[in-house]
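Chains, contacts and geometry: an overview
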Amino acid sequence: MSLGNLFLRCLSKHKTTYLFPPIPTSLSSHLHQHHYQYHHPHFTQCLTLSKTFSSSSSASSSTSSSTPQEPDSISLTLSSELLKDPNSDPLPISQRLHLCFSHINPTPSLVLSTLNLSPDAGRTVLGFNHWLISNPSFTHSDETLSYFVDYFGRRKDFKATQQVLADVVGVAGPKTLESAVDRLVRAGRPTDAVSFFERMEREYGLKRDRESLRVVVEKLCANGYASHAERMLKKLANEFFPDEGICDLLVKGWCVDGKLDDAKRLAEEMYRGGFEIGTVAYNAILDCVCKLCREKEPFRLHSEAENVLVQMDVRGVPRNVDTFNVLITNLCKIRKTQDAMNLFYRMGEWGCYPDETTFLVLIRSLYQAARVGEGDEMIDRMRSAGHGSKLDKKAYYGFLKILCGIERVDHALSVFKKMKEDGCEPGIKTYDLLMEKLCAHNRLDRANVLFNEGRKRGVPVELKAYVVDPRYVKKKVKVVKSEKKRETLPEKMARKRSRLKQIRLSFVKKPKRMMRRAY
């Protein structure tokens, strides 16, 4: 598209309000040959973008393959527009985007990347949403709407969230509901989450059924707001009678909040009502018991946990791998690594097999106990059990942090080598951790090797000033010169007496040696 046609197109879209004086018709013929210098910022940006896209389209046509522009570059351009000062231009953001990005067909991935690149845009994102709604080539879905709910939820701007949901009534679905409730609960607003569930069908078109109720109860209980969830369920009991799954979530919520008495009270009410408590609820009670014992009396952990396990056996509730994970995790937290290992070897008696959580907890505990050889064996055992994919960059970084904390730097380097052999690409945090510990041990040559290796791998490591531990600083041996000390008077008198005695004895005739007697 030529510059003149693009300019006339921009003018034709805004015939009623001229942002700049119209171009004479006599000059329109010269626009194809000469660059019309116009100093409006949006028009300049439109020209630049059109030139970029026209050149890319011509290049694609010459190669006979339609290669669209990368979404990253488009999202960066959109993000830069969203991050501009809104007071710097009289036009609203939706009109600016319509002027300069009318040729773009937005996709869900483009929307997500633009929002992730614009964390400080604030309410300007509402204009971005209005532009998407007015774009004929884009239709909001449950997924894209959840992106905006998550964005404003991170900023705790829930009025903007309500405005986004009100703009597209009937589009929101399970993902949007989960995002909205999760952000409200995590922001410490359980009452608002309950009220949102009560009015979401009337105001936003969200379906109000048992599944949506389960989502709200789960989010409330996972963050320790079991009291609000229980009150809501009692209020809605005539409309949605709770089932065993929802009751298990309530028991778990009381345990997350640390209120064991309320959890046991609710469990008894469930039994009287004819419900059966499942393994999920019992695992939550077991975890709560272990946590309270760790905080108050760690020596009672074995006996109290045994009481819960016996109660599970009496009720006929089977143990699963999560039950053993709860016990092993709490034992490792009080440094009972050997007891955790014994329990690990006995899991097969109940038909349970360790998962990735079991292995990761035991590996960290073994390294923390300086049993590094057993920790390496547990890593190999984890791979052979089929959980090697869970040994990712985050897991290896946790191992290295523990090993550096217990001053096992050489073993940390061997685990780092194993990490690279497994195909995990170490990041800047891993290199900084190892280089800092090596410099603290005064091993600067090895730290330089790691620095150069990170640069070769493309990791943005930076030069920093690390402090050397005084224990590893080479101390210079100082040669102490012997200086003559001034004698005290008693020392001088004693030296004179000794010398006079030697002189007196020198004049005494020495006795001759006696001859041996002949026998």
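Residues numbered from 1 in each chain as written. Predicted model: local features only at pLDDT ≥ 70, side-chain atom pairs only at ≥ 80, totals over all residues. Heavy atoms only, no water.

1. Some details on the overall build of the protein chain
The line we're drawing: The way it works is that DSSP assigns letters per residue, a run of H or I at least four long becomes a helix, a run of E at least two long becomes a strand, and they are numbered from the N terminus. For each residue, the accessible area found with a 1.4 Å probe, counting protein chains only, is set against the maximum for its type, and the residue is called buried under 20%, exposed over 50%, and partly exposed in between. Here, residues are in contact when the closest pair of their heavy atoms is within 4.5 Å. The Shrake-Rupley method, run with a 1.4 Å probe sphere, supplies the accessible areas, and residue values consider only the shown protein chains as cover.
A tally of helices and strands in the protein chain yields 26 helices and 0 strands. Burial statistics for the protein chain: of 519 residues in total, 42% are counted as buried. Considering only contacts within the protein chain whose residues lie at least 6 apart along the sequence, 65% involve residues at least 24 apart. Of the roughly 31,000 Å² of accessible surface on the protein chain, a fraction of 53% belongs to carbon and sulfur atoms.

2. Structural notes on a nonpolar patch on the surface
Under the convention used in this document: Only residues whose relative accessible area exceeds 30% and that form no salt bridge are eligible for patches; like-charged ones are grouped when within 9 Å, while nonpolar side chains (Val, Leu, Ile, Met, Phe, Trp, Tyr) are grouped when within 5 Å. The working definition used for a salt bridge is a side-chain nitrogen of Lys or Arg within 4 Å of a carboxyl oxygen of Asp or Glu.
On the surface, L500, I503 and F507 cluster together to form a nonpolar patch covering roughly 340 Å² of accessible area. Along the chain, F507 turns up in the segment after α26 (489–506).

3. Describing the nonpolar core
General note: in soluble globular proteins, nonpolar side chains tend to be found buried as a group. Short version of the rule: Among the buried residues, those of types Ala, Val, Leu, Ile, Met, Phe, Trp, Tyr and Cys that are joined through side-chain atoms within 4.5 Å form a nonpolar core.
Of all hydrophobic cores here, the largest spans 137 residues; its most connected members are F128, F196 and F399. What F128 contacts, discounting residues up to four positions off in sequence, is L78, L82, I93, L97, V111, T114, L115 and F148.

4. Some details on the packing of helix α17 (residues 301–315) against helix α18 (residues 321–333)
This is how the line gets drawn: The angle between two axes is taken between their N-to-C directions and runs from 0 to 180 degrees, where each axis is a line fitted to C-alpha atoms and a helix contributes only its stretch in contact. The scheme is simple: roughly parallel for angles under 35 degrees, roughly antiparallel for over 145, roughly perpendicular for 65 to 115, oblique for anything else. As a working rule, the residues Ala, Val, Leu, Ile, Met, Phe, Trp, Tyr, Cys and Pro are called nonpolar, Asp, Glu, Lys and Arg charged, and the rest polar, with Gly in that last group.
At a minimum axis separation of 12 Å, α17 and α18 run at an interaxial angle of 175°. Put simply, α17 runs roughly antiparallel to α18. In contact with L301, H302, A305, L309 and M312 of α17, α18 contributes T323, L327, N330 and L331. Broken down by class, the residue content of the contact of α17 with α18 amounts to 6 nonpolar, 3 polar and no charged.

5. Side note on unusual backbone geometry
Unlike most non-glycine residues, K156 shows phi in positive territory, near 60°. Along the polypeptide, K156 turns up in the loop between α8 (142–154) and α9 (158–167). The class for K156 is exposed, based on a relative accessible area of 52%. Its identity is not glycine, yet A370 carries a phi of approximately 65°, on the positive side.

6. A short note on the confidence of the model for the protein chain
Spelled out, the test is: Residue-level confidence of the predictor is what pLDDT reports, using numbers from 0 through 100.
Per-residue confidence for the protein chain gives a mean pLDDT of 82, with 83% of residues at or over 70. Under a pLDDT of 50 for its full length, residues 1–70 has, in the predicted model, 53 contacts with residues more than four places off or in other chains.

7. Topic: the side chain of E453
As a reminder of what qualifies: Think of a polar contact as two N or O atoms within 3.5 Å of one another; within protein, one of them needs to be a possible hydrogen donor and the other a possible acceptor, and neighboring residues in sequence only count if both atoms come from side chains.
When you line up the elements, E453 lands in helix α25 (residues 444–456). Among the residues examined, E453 registers a relative accessible area of 18% and is labelled buried. For E453, the side chain forms a polar contact with the side chain of Y431, separated by 3.2 Å. Residues in contact with E453, not counting those within four places in the same chain, are F416, K420 and Y431.

8. Notes on the pattern of salt bridges
Tallied over the entire structure, the rule returns 33 salt bridges. One salt bridge in this structure joins R315 and E268, with 3.9 Å as the shortest N-O distance. Linking R315 in helix α17 with E268 in helix α15 (residues 260–272), this pair joins segments that are 47 residues apart in sequence. Given the relative accessible area of 34%, R315 is considered partly exposed. One network of salt bridges, with partners in common, ties together E230, K234, D262, R265 and E269.

9. So, the packing of aromatic side chains
Counted only if it meets this: Each Phe, Tyr or Trp ring (for Trp, its six-membered ring) is paired with any other whose centre lies within 6.5 Å, and the angle between the two planes then decides the class: stacked below 30 degrees, edge-to-face above 60, tilted in between. A ring is considered to have a charge above it if a Lys NZ or an Arg CZ atom is located within 6 Å of its centre and within 35 degrees of its normal.
All chains considered together, the criterion is met by 11 aromatic pairs. Relative to Y204, the ring of F196 has its centre 5.7 Å away and its plane inclined at 25°; by these criteria the two rings are stacked. Per residue, the accessibility class of F196 equals that of Y204, and both read buried. The ring of Y271 is capped by R315, whose NZ or CZ atom sits 3.8 Å from the centre of that ring.

10. Overview of α25
Put simply, the rule reads: An expected span of 1.5 Å times one less than the residue number is assigned to each helix. Comment: arc refers to directions from the helix axis out to C-beta atoms.
End to end, α25 covers 18 Å across 13 residues, agreeing with the expected 18 Å (1.5 Å per residue, within 8%). Within α25 the residues assigned to the buried category are A447, L450, F451, E453 and G454. The buried residues of α25 occupy one face: seen down the axis, they fall within an arc of 165°. What points out from α25, more than 90 degrees from its buried face, is the exposed set D445 and K456. Residues of α25 that are buried sit in contact with α23 (409–421) and α24 (428–440).

11. A closer look at the environment of F241
Structurally, F241 can be placed in the loop between α13 (226–235) and α14 (244–256). Considering only alpha carbons, one finds F241 and R210, 31 residues apart in sequence, at a separation of 8.8 Å. Non-local contacts of F241, meaning those with residues more than four positions away in its chain, are made with R210 and F275.

12. Remarks on helix α22 (residues 393–405)
The end-to-end C-alpha distance of α22 is 18 Å, a good match for the 18 Å that 13 residues give at a rise of 1.5 Å each. Three or more residues of α22 are buried, namely A395, Y396, Y397, F399, L400, I402, L403 and C404. Looking at the packing, one finds that the buried side of α22 touches α20 (356–368), α21 (372–384), α23 and α24. Among the residues trailing α22, E407 stands out with phi positive, at a value near 65°.

13. Some details on the state of the cysteines
What counts here: Two cysteine sulfurs form what is called a disulfide whenever their separation falls within 2.5 Å.
In this structure the tally under the stated criterion is 0 disulfides. Between C290, a cysteine without a disulfide, and C293, which holds the nearest cysteine sulfur, the sulfur-to-sulfur distance is 6.6 Å. By relative accessible area, which is 1% here, C290 ends up buried.

14. Regarding the environment of H441
If you trace the backbone, H441 turns up in the loop between α24 and α25. Once the C-alpha coordinates of H441 and V468 are considered, the two residues, 27 residues apart in sequence, prove to be 6.4 Å apart. If sequence neighbours within four positions are ignored, H441 has contacts with E407, V409 and Y472. Among the polar contacts listed, one links the side chain of H441 to the side chain of E407, at a separation of 2.6 Å.

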